[in-house]
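Spelled out, the chains give:
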Amino acid sequence: MTALHELTIKEAGDRLRAGEVSSVDLLEATLRRIEETEPVLHAYAHLLAEPAHRAAEQADREMAQGRIRSPLHGIPLGIKDIIYVKGAPNESGSRALAGFVPDFDATVVERIRSAGGVIVGKTATHEFAYGVNKLPAVNPWKLGYMPGGSSIGSGVAVSARSAFGALGTDTGGSIRFPSAMNGLVGLKPTYGRVGRHGVVSLAWSLDHVGPMTRTVEDCAIMLQAIAGHDPRDPGSVDHPVPDYRAGLESGVEGLVIGVERDYCFYDGVSTDVREAVDAAIGELERLGARIVEVRFPQFKYMTAVGMTIMLSEGSAYHRGLVRQRGADFDRYTRLQVELGELIPSTHYVMAQRARRVLRDAMAGLFREHRLDAMLWPSTPLPSVPYPSVNDPRPDYPSETPSQSYDHNSFDVNVTGQPAMSLPCGFSRDGLPIGFQLVGRPFEEAALLRIARAYEREHDWFTRQPPVPVSA
Amino acid sequence: MTDTPLDPEDDPTPETVQALARVIGLPVPPEDLDDLTDDLREHFASIRALEDLDLGDVSPGFRFDPRWEGIDDGAT
């Protein structure tokens, strides 16, 4: 029989509603799992066992009275440590914020609570979500290997079964990258779909909050809980929220999926990744999708545009803190903040102008080919040993793994399109590989539908990492 | 002192970066200076590549809402 901590959100919710388990049972199973794995993995920055117990007991009381808030009711979840949880530390992976405790919940945390979710802890993040300082958590699939970033603790916790699901943030790939590295489903919603009030910003015009889960349906359940207009977030868009689970089983018959080869499948894509993603494309075609080869030479501008915006906005956000507490920043994070201050304002505005051109070009591509989605590798290569991330790749010496990991990720932060990473196999070394589905604005449901059709055919989603467990 | 502008192709040097940082009141620890200079060179190279893109009269992708929060638009 499946251990409680191994259940998906959907399965755990079904058992809760059937009265077979309680929310307190799920929480205690999760806390036991945390106790086993945390000495090795360090997925959590701060555990919130006591408040989680109170929330689980409340969920059980409500359940006993027949009140079920949502499919997330009573489910233990992790929250990235740049998302405010009232009364809990929010250090954002930085000594510069040591001891900071916000006195309000982020909008997404309010919504998770309203949906009945139980917040078990704050998950570890790269410092301020820049993704450049030393790893705060450990890869459960292979010790010493890169587990992705910056939503690293969310990825590790969900993969190691020490959370049923988690929230991450994505400014240049930080949900999709750790999802791919950890064999998970991760969704960066459309810009403006999910509110960001109460989230430490990396770059206001590129930041997104989204779910990281083990299955597509779990992802839909979490997105349902957090999507919707946030009047306290100036970037939020008031757009109707559909039922994300309604069309999940509709299949891909007749849907059109674009594949761009020149940039997204460039020579830096490793053999293992190329084979796995090509197999996924073939699988979707076999299931009834129409695969269309497309060209989009504008991809080559995306990273420069995204980086210029991210560095400029990030440095504006941290301008005061880096002057007051610069010595407490990790050196590599501080370099990013310093660099952003030295970028001329004309470059920033130029990047924002280019961004509109790129968005319009992407819209034109989708219209011309009547695309429902595009598909490309989440990362050009699987995880590598952490010490080598900044060394030239043996198989592609013109890039370091760090540079390769950025190659396919910034595009959708620049255009604001929804994108999700989902697992599609393993490398010869047993490391997860992911592919990315990219959709039309506010059409996350189409991505979930395609992802679910693929998921039904494979068991990648149920495989667990060989997590070392402390005695 | 010269009134000749810097050649746009000139790469920043640690000295120019330090001077720029001083002008904007940014304290840059000495150990950051060489890496920061390299990073800034890379940034300038990436921006030069963007110049190929025809921006025409496109305005930047900013959005600003001038409405006042909590005030009914129809109120007089």
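Quick caveat: nothing in here was measured; it's all calculated off a predicted structure.

1. Describing the overall build of chain A
Here comes step 1: Within chain A, the secondary structure is distributed over 14 helices and 11 strands.
Here comes step 2: Along the three orthogonal principal directions, the C-alpha set of chain A runs to about 55 × 55 × 45 Å.
Here comes step 3: Expressed as a percentage of contacts within chain A between residues at least 6 apart in sequence, the contacts between residues at least 24 apart total 76%.
Here comes step 4: Of the accessible surface of chain A, which amounts to about 16100 Å², a share of 50% is contributed by carbon and sulfur atoms.
Here comes step 5: A distance of 4 Å separates the average location of the 49 positive side-chain charges in chain A from that of its 57 negative side-chain charges.

2. Remarks on the overall build of chain B
Here comes step 1: The number of helices and strands found in chain B is 2 helices and 0 strands.
Here comes step 2: Counting only residues that meet the buried cut, chain B has 21% of its 76 residues in that class.
Here comes step 3: On chain B, roughly 5900 Å² of surface is accessible, and the fraction owed to carbon and sulfur atoms is 55%.

3. Digging into the sheet that holds strand E4 (residues 165-169) of chain A
All names here are of chain A.
Here comes step 1: Judged by pairing direction, the sheet is mixed, and its 11 strands sit side by side in the order E1-E3-E2-E4-E6-E5-E10-E11-E9-E7-E8 without closing on themselves. For this open sheet the edge positions go to strand E1 (44-47) and strand E8 (290-294), each flanked by a neighbour on one side alone. Averaged over all adjacent pairs, the angle separating strand axes in this sheet is 30°, with direction ignored.
Here comes step 2: Relative to strand E6 (residues 209-213), E4 runs antiparallel, the two sharing 4 bridges. Counted as the bridge partner of Leu 167 is Pro 211 from E6.
Here comes step 3: The sheet contacts of helix H5 (residues 152-159) involve E1, strand E2 (76-80), strand E3 (118-123), E4 and E6, and relative to E4 the element is tilted by about 160°.

4. Topic: a negative patch on the surface
Residue and element names in this part refer to chain A.
Here comes step 1: Taken together, Asp 25, Glu 28, Glu 50 and Glu 57 make up a surface patch of like negative charges.
Here comes step 2: Where the negative patch is concerned, the elements lending two or more residues are helix H2 (23-41) and helix H3 (49-64).
Here comes step 3: Along the polypeptide, Glu 28 turns up in helix H2.
Here comes step 4: Here Glu 28 falls in the partly exposed class, since its relative accessible area comes to 32%.

5. So, the nonpolar core
Residue and element names in this part refer to chain A.
Here comes step 1: Counting 134 residues, the largest nonpolar core has Leu 72, Ile 83, Met 374, Met 420 and Leu 448 as the members making the most contacts within it.
Here comes step 2: Leave out the neighbours within four places in its chain, and Met 420 touches Val 185, Gly 186, Leu 187, Cys 219, Phe 435, Gln 436, Leu 437, Leu 447, Leu 448 and Ala 451.
Here comes step 3: Leu 31, Ile 34, Val 120 and Val 156 belong to the second-largest nonpolar core, a separate cluster that totals 21 residues.

6. Details of the interface of chain B and chain A
Here comes step 1: Taken together, the contact between chain B and chain A spans 34 residues of the former and 30 residues of the latter.
Here comes step 2: Three residues, Leu50(B), Leu53(B) and Leu55(B), lead the burial of chain B against chain A; their summed loss comes to 18% of the area buried on that side.
Here comes step 3: For the interface between chain B and chain A, the tally reads 4 salt bridges.
Here comes step 4: The interface formed by chain B and chain A contains 11 residue pairs in polar contact (both at pLDDT 80 or more).
Here comes step 5: If you list the elements that add at least two residues to the side of chain B that touches chain A, you get helix H1 (14-23) and helix H2 (33-50) of chain B.
Here comes step 6: Broken down by element, the side of chain B that touches chain A gets its largest block of residues, 10 residues, from H2(B).
Here comes step 7: Residue classes in the side of chain B that touches chain A are distributed as 19 nonpolar, 6 polar and 9 charged.

What counts, and where the lines are drawn
Residues numbered from 1 in each chain as written. Chains lettered and ligands numbered in written order. Predicted model: local features only at pLDDT ≥ 70, side-chain atom pairs only at ≥ 80, totals over all residues. Heavy atoms only, no water. Helix = DSSP H or I, 4+ residues; strand = E, 2+ residues; numbered from the N terminus. Contact = heavy atoms within 4.5 Å. Areas by Shrake-Rupley, 256 points an atom, 1.4 Å probe, with all protein chains shown as cover. Lys, Arg positive; Asp, Glu negative; His and termini not counted. Charge placed at Lys NZ, Arg CZ, Asp CG, Glu CD. Buried < 20%, exposed > 50% of the residue type's maximum accessible area, 1.4 Å probe, protein only. Pairing = 2+ DSSP bridges. Axes fitted to C-alpha atoms, helices over the stretch in contact; angles between N-to-C directions. Patch = residues over 30% accessible without salt bridge, like charges linked within 9 Å, V, L, I, M, F, W, Y side chains within 5 Å. Salt bridge = Lys/Arg side-chain N within 4 Å of Asp/Glu carboxyl O. Core = buried A, V, L, I, M, F, W, Y, C linked by side-chain atoms within 4.5 Å. Buried area = accessible area lost by both parts, 1.4 Å probe. Polar contact = N/O pair within 3.5 Å; in protein donor to acceptor, adjacent residues only side chain to side chain. Nonpolar A, V, L, I, M, F, W, Y, C, P; charged D, E, K, R; others polar.

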